[in-house]
Amino acid sequence: MLLHVDGLGIHLAGKPIVRDLGFQLNAGELLVVLGPNGAGKSTLLKGLAGEHKIANGQVSFAGCTLQNWPKREIAKRRAVMPQRVEVNFPLTVEEIVRLGRPAEPLSQSMPVVLELMDMLDVAHLRYRLAPGLSGGEQQRVQLARVLAQVWDAQGPVLLLLDECTSALDPAHQQQVFSLLRRLAKQRGFAVLAVAHDLNLAARFADRLLLLHHGQCYTSGQPFEVLNETVLAAVYGLSARIIKLEEGYPLVVPRDDGQVPAYASPSPSSTAPVNPSCLQAS
Amino acid sequence: MIIDGAGRLAKGPALLLIVGAALMVSVVSITNGAYPLTAGDILGVLIGDLNDEVARMVLFDVRLPRLILGFLVGAVLAVCGAILQGLFRNPLADPGLIGVSAGASLAAIAVIVLGGTWLGGWLDLAGAWALPIAAFIGGSGTVFLAWRIASRAGHTSVATLLLAGIAINAIAGAGTGLLTFYSSDEELRSLTFWTMGSLGHAAWDDVAMAAPWLLLSLCAAPFLARPLDAFLLGEQVVGHLGYNTDWTKRAAILIAGLGVGAAVAVSGLIGFVGLVVPHLVRHTLGAGHRVVIPASALAGGTLLVGADCLARVVVAPAELPIGLMMALIGGPFFLLLLLRTRIT
C-alpha cells in the first residue's frame, strides 16, 4: 500500500475542513476524489502535498509517516498539480516544463522535457511565453511540468492532481485521463485526482471517493458510488444514472427545475461548507 | 547561433556583450573627469614609467575607488531587485518596497539634522562613518522589522511583508519629512544631495566598509536561483519541488536587506537600477534566475558606472547627483521600451 490515510483531520483558521477521513491508495491505482464545492477536496490534497498541517490522524507514504519524509526525498516521488498556477514572468513553455527537474543538467533533462511536451500536446508551443497561452494550454504545460518531476523516479510515485483538466476541451480531457490511467497501469504510479466531471471520473477511475462536509460520504467502484440517491444527498443533483454496456455508469442531469439542497438549507448542517463563505454572509 | 528558438539572445554572446560593455564603461569612467587621463597615462602609471604624482593620485585615490564602488552598488541594487521581484512574484517589485531605502534615509537624515544636538554622542562615537553606519542599521533594521511583522510561527507571509513594507515606508517617510521641516538651510542642502544619491565622495574607506556586505549579498544570491525559479510558479510549488519555502524567503530578505542597506549607506538613494535592469535582462535573456542574477549584476554595475560618467560630464565642472541622472536617462528609456513592446 502506497498511501495510507487514517483518521485525518485538517483545520484552516481553526475550523475543521477535513474530518476523520480514512482511505488507502495502492500503487497502480487511479483514485478520483469527488464532492461539491467546499467539500474539502483541495484541502485534503494540500494536506497530502505538505502545504497544510495535519491536525489529527496518520498519513503514511510508502510505509513512512508523511511528515517524516525529507523534503528533497519526497519531491522525487510525489508531484503536485495545484488548482491554479499563474505565471507573470516571461518564461517559455520549455523552461516551465524544465522547472520540474531543476537539479538536472540541461542535456539530461531535455529528452524527458521533449517527450512530455509531445505527450501533452504542447510541443508546438515550446518557445511561446507562458503569460500569452490560453487557460487550457497553460494547464497542459503545468501537467507536463508536474509529470517531469517524477518521470523516471525509481520506486513508489504519488501524483496529486487538483482539477487538472478543468480548462481542457473534451478531447484533451480524454487524452489526459487516459495518460494518467496508462501511467498507473504501466508504471505503477498512484494517482489521486480531484475532479468535477462525474462521467469522466466514472470512465477512467479505478475507485471514487466522494467527500461531503470534509468526510468520506462513500467510496468504491464507480457504479457503487454514483447512484441517484447519493448524488441527490451530496450534491443536491437530480440525475438519471444509465448503466452502459461497457460497465460504466453514465450520469445524465434531469431538467426538473429543483435544487433540493440549496432550496432548503438546513442550519444544523454539521460542518461549514466553506469558512470564507460564512464570514462573507 | 545568436538568437535562440524563443527569439532571445543566446546566453554566451549576451554575456560577452555585457562584459564588453562593462569594460568599455570602466575605461571611460577612469579616463574622464575634471583631470583627464589618457589610456597612455594610465598604462604609464601602472607600469611605473610615468612619474606624474597628480595622475597617480587621481587614478588610485579618486577614479578607482569610485569605479569599484559604483560597479558594486549598481550590481547589488540590480540583483536585489531581481530577488525581490522573484520573491513577490511581481516584476514591478523594487528594493524600496520592503522599506530598506526609507529606513536608511530616515537614519541618515536623522544623523544630518540631529547630529549637532540629540545625536551628538553617536557622532563622537562613530566619527566620519556616523552617517553610513546609521544608514546601514536603519536600512537592514527596517527590513528585519517588516519581516518580523510578516512572520508567525515560523511562516512568513509574502503579502503581509509587502503591506508591512508599505506601512513602514509611510512612517519613515513622515519621520524624514518632519526632520526636513526642522532642518537648517545647510542641513537641508546636504540631506537633499543624499536623497538624490552620489558616488562623488567615494574613497577607499567607503569601499572597505561597504564591500564586504555588498560582496556577501552578490555571492549569496546565485544560491537562491533555483528556489526563486520555483517561486515564479507560486509559493506552494516551491515546497512541491522539494525546497524549503521559509528558508528561501528568509535568505532572500536577508540578502536584500544587507545588500541594499550597505549600498544606500555609501551612495545615498539611487532608484531605478533595481527595477529596470532585471526587467531588461528578463526580456532579452529569459526569466530563469540562473541567468537573471549574474546578468543583472553585470548590467546593473555597467549601467550605474555609465550613468556616473555622464553625471560627471554633462554639467562639468560640477556633478549631477547620480540618482537624478538615473531617473533622467532611465525614465524615458523605460517608457520607450514599454511603448515599443507593450509588455504586460
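Here, every reference points to the structure presented above.
Please read these numbers as outputs of a predicted model, since none were measured by experiment. Residue positions within a chain follow its written sequence, with the count starting from 1. Note on labels: chains are lettered from A, ligands numbered from 1, in written order. In keeping with the predicted nature of the model, local features appear solely for residues at pLDDT of at least 70, side-chain atom pairs appear and are counted solely at 80 or more, and the whole-chain, interface and lining totals rest on all residues. The side-chain quantities take in all heavy atoms of the structure and omit both hydrogens and water.

Caption draft 1: Representation of the overall build of chain B. A helix here means a DSSP run of H or I that spans at least four residues, while a strand means a run of E at least two residues long, and both kinds are numbered starting from the N terminus. Assigned secondary structure in chain B consists of 15 helices and 2 strands. Referenced to the eigenvectors of the C-alpha coordinate spread, the extents of chain B come out at roughly 65 × 60 × 35 Å. The buried label goes to any residue with under 20% of its type's maximum accessible area, the exposed label to any with over 50%, and the partly exposed label to all in between, with areas taken from a 1.4 Å probe on protein chains only. Burial statistics for chain B: of 344 residues in total, 51% are counted as buried. In what follows, residue pairs with any heavy atoms lying within 4.5 Å of each other are defined as contacts. Once local pairs closer than 6 in sequence are excluded, the contacts in chain B between residues at least 24 apart make up 73%. Surface summary for chain B: the accessible area is close to 15,400 Å², and the carbon and sulfur share equals 71%. When charges are counted, neither His nor the chain ends are considered; positive counts come from Lys and Arg and negative counts from Asp and Glu. For the purpose of locating charges, the reference atoms are NZ of Lys, CZ of Arg, CG of Asp and CD of Glu. Taking the 17 positively charged and 18 negatively charged side chains of chain B as two groups, their mean positions are separated by 17 Å. Per-residue and other accessible areas follow the Shrake-Rupley method at a 1.4 Å probe size, with only the shown protein chains counted as cover for residues.

Caption draft 2: Fine view of the packing of aromatic side chains. Note on ring pairs: Phe, Tyr and Trp rings are taken, using the six-membered ring of Trp, and paired if centres are within 6.5 Å. Classes follow the plane angle, with under 30 degrees stacked, over 60 edge-to-face and the rest tilted. Using the criterion set out here, one finds 5 aromatic pairs over all chains in the structure. Taking the centre distance of 5.7 Å and the plane angle of 50° together, the rings of B:Phe144 and B:Trp147 count as tilted. One end of the pair is B:Phe144 and the other is B:Trp147, both in helix 6 (residues 130–150) and 3 residues apart, which spans about a single turn. Look at B:Phe181 and B:Tyr182: their rings are 5.3 Å apart centre to centre, the planes differ by 80°, and that puts the pair in the edge-to-face class. A residue is classified by how much of its surface remains accessible, and B:Phe181, at 64% relative accessible area, is exposed. A residue is classified by how much of its surface remains accessible, and B:Tyr182, at 62% relative accessible area, is exposed. The ring of A:Phe204 carries A:Arg203 above its face, with NZ or CZ at 5.2 Å from the centroid. Two limits define a charge over a ring: the Lys NZ or Arg CZ must be within 6 Å of the ring centre, and within 35 degrees of the ring normal. We note A:Lys243 situated over the ring of A:Phe223; from NZ or CZ to the ring centre the distance is 4.7 Å.

Caption draft 3: Seen up close, the interface of chain B and chain A. Taken together, the contact pairs 23 residues of chain B with 28 residues of chain A. Buried area adds together the accessible area that both of two parts lose upon being put together, with accessible area traced by a 1.4 Å probe. Across the interface of chain B and chain A, roughly 2,300 Å² is buried in total on both sides, 60% from carbon and sulfur atoms. The largest contributions to the chain B side of the interface with chain A come from B:Leu233, B:His240 and B:Leu241, which together make up 29% of the buried area. Throughout this description, the term salt bridge denotes a Lys or Arg side-chain nitrogen within 4 Å of a carboxyl oxygen of Asp or Glu. Applying the counting rule to chain B against chain A returns 0 salt bridges. Elements that contribute at least two residues to the side of chain B that touches chain A include exactly helix 10 (225–231), helix 11 (235–240) and helix 13 (273–285) of chain B. Tallying contributions element by element places helix 11 of chain B first for the side of chain B that touches chain A, with 3 residues. Residues are grouped as follows: nonpolar covers Ala, Val, Leu, Ile, Met, Phe, Trp, Tyr, Cys and Pro; charged covers Asp, Glu, Lys and Arg; every other residue, Gly included, is treated as polar. Grouping the constituent residues of the side of chain B that touches chain A by class yields 8 nonpolar, 9 polar and 6 charged.

Caption draft 4: Representation of unusual backbone geometry. Residue and element names in this part refer to chain A. Despite not being glycine, alanine 13 has its phi angle at roughly 50°, a positive value. Checked against the element boundaries, alanine 13 lands in the loop between strand 1 (3–12) and strand 2 (15–25). Taking relative accessible area as the criterion, alanine 13 reaches 80% and is therefore assigned exposed. If you check the backbone angles, alanine 62 has positive phi at about 50° while not being a glycine. Considering the arrangement of structural elements, one finds alanine 62 in the loop between strand 4 (56–61) and strand 5 (64–65).

Caption draft 5: Broad picture of the sheet that holds strand 3 (residues 30–34) of chain A. Residues and elements named next belong to chain A. The 6 strands lie next to each other as 6-7-8-3-9-10, forming an open sheet whose pairing is mixed. The open sheet terminates on both sides in strands that have one partner only, identified here as strand 6 (78–81) and strand 10 (215–220). With direction set aside, neighbouring strand axes in the sheet form an average angle of 15°. In terms of strand pairing, strand 3 meets strand 8 (residues 190–194) through 4 bridges, oriented parallel. When the sheet's bridge partners are listed, valine 33 is paired in strand 8 with valine 194. Against the sheet, helix 5 (residues 135–150) touches strand 6 and strand 7 (158–162), its axis set at about 170° to strand 6. Only the stretch in contact is used when fitting a helix axis, every axis being a line fitted to C-alpha atoms; angles between N-to-C directions are given from 0 to 180 degrees. Sitting on the sheet, helix 6 (residues 170–187) touches strand 3, strand 7 and strand 8, and the angle it makes with strand 3 is about 135°. Two strands form a pair only when DSSP identifies at least two bridges running between them.

Caption draft 6: Fine view of the pattern of salt bridges. Scanning the model with the defined rule gives 16 salt bridges over all chains in all. Salt-bridge contacts for A:Glu29 lead to A:Arg207; the nearest nitrogen and oxygen are separated by 2.7 Å. Of this pair, A:Glu29 sits in the loop between strand 2 and strand 3 while A:Arg207 sits in strand 9 (residues 207–212), and the two are 178 residues apart along the sequence. On the accessibility criterion, A:Glu29 (11% relative accessible area) is buried. Residues A:Glu104 and A:Arg101 are paired through a salt bridge, measuring 2.9 Å at the closest nitrogen-oxygen approach. A relative accessible area of 8% places A:Arg101 in the buried class. Ionic contacts of the salt-bridge type, sharing partners, join the residues B:Arg66, B:Asp308, B:Arg312 and B:Glu319 into one network.

Caption draft 7: The arrangement of the sheet that holds strand 2 of chain A in detail. All names here are of chain A. Here we have 4 strands laid out as an open sheet, ordered 2-1-4-5, and antiparallel in their pairing. In this open sheet, the two strands that pair with only one neighbour each are strand 2 and strand 5. Pairing analysis gives 7 bridges linking strand 1 to strand 2, with the strands arranged antiparallel. Bridging from a neighbouring strand, isoleucine 10 pairs with valine 18 of strand 2.

Caption draft 8: Seen up close, the nonpolar core. Grouped together as the largest cluster of nonpolar side chains are 153 residues, with contacts concentrated most on A:Leu34, A:Leu159, A:Leu161, A:Leu226 and B:Val73. The next biggest cluster of nonpolar side chains, apart from the first, holds 30 residues, and it includes A:Leu21, A:Ala49, A:Ile54 and A:Leu158. The set of buried Ala, Val, Leu, Ile, Met, Phe, Trp, Tyr and Cys residues whose side-chain atoms join them within 4.5 Å is what this entry labels a nonpolar core.

Caption draft 9: A look at the packing of helix 3 (residues 53–88) of chain B against helix 9 (residues 204–220) of chain B. All names here are of chain B. It is at 10 Å that the axes of helix 3 and helix 9 come closest, and there the two elements cross at 25°. Here helix 9 runs roughly parallel to helix 3, going by the angle between their axes. Remark: the crossing between helix 3 and helix 9 carries left-handed chirality. Facing Phe60, Asp61, Leu64, Pro65, Ile68, Leu69, Leu72, Val73, Ala75, Val76, Val79 and Cys80 of helix 3, the residues of helix 9 in contact are Trp204, Asp206, Val207, Ala211, Leu214, Leu215, Ser217 and Leu218. Residues that form the contact of helix 3 with helix 9 fall into these classes: 17 nonpolar, 1 polar and 2 charged. An angle below 35 degrees is read as roughly parallel, one above 145 as roughly antiparallel, one from 65 to 115 as roughly perpendicular, and any other as oblique. In this scheme, a crossing is called left-handed if the near helix is turned counterclockwise away from the far one by less than a right angle; it is called right-handed if the turn is clockwise.

Caption draft 10: Local environment of the environment of A:Leu192. Residues and elements named next belong to chain A. Along the polypeptide, leucine 192 turns up in strand 8. Each C-alpha atom of the pair leucine 192 and leucine 48 lies 10.0 Å from the other, and the pair is 144 residues apart in sequence. When near neighbours in sequence (up to four residues on either side) are disregarded, leucine 192 contacts Phe23, Leu25, Leu31, Val33, Leu45, Leu48, Leu159, Leu160 and Leu161.

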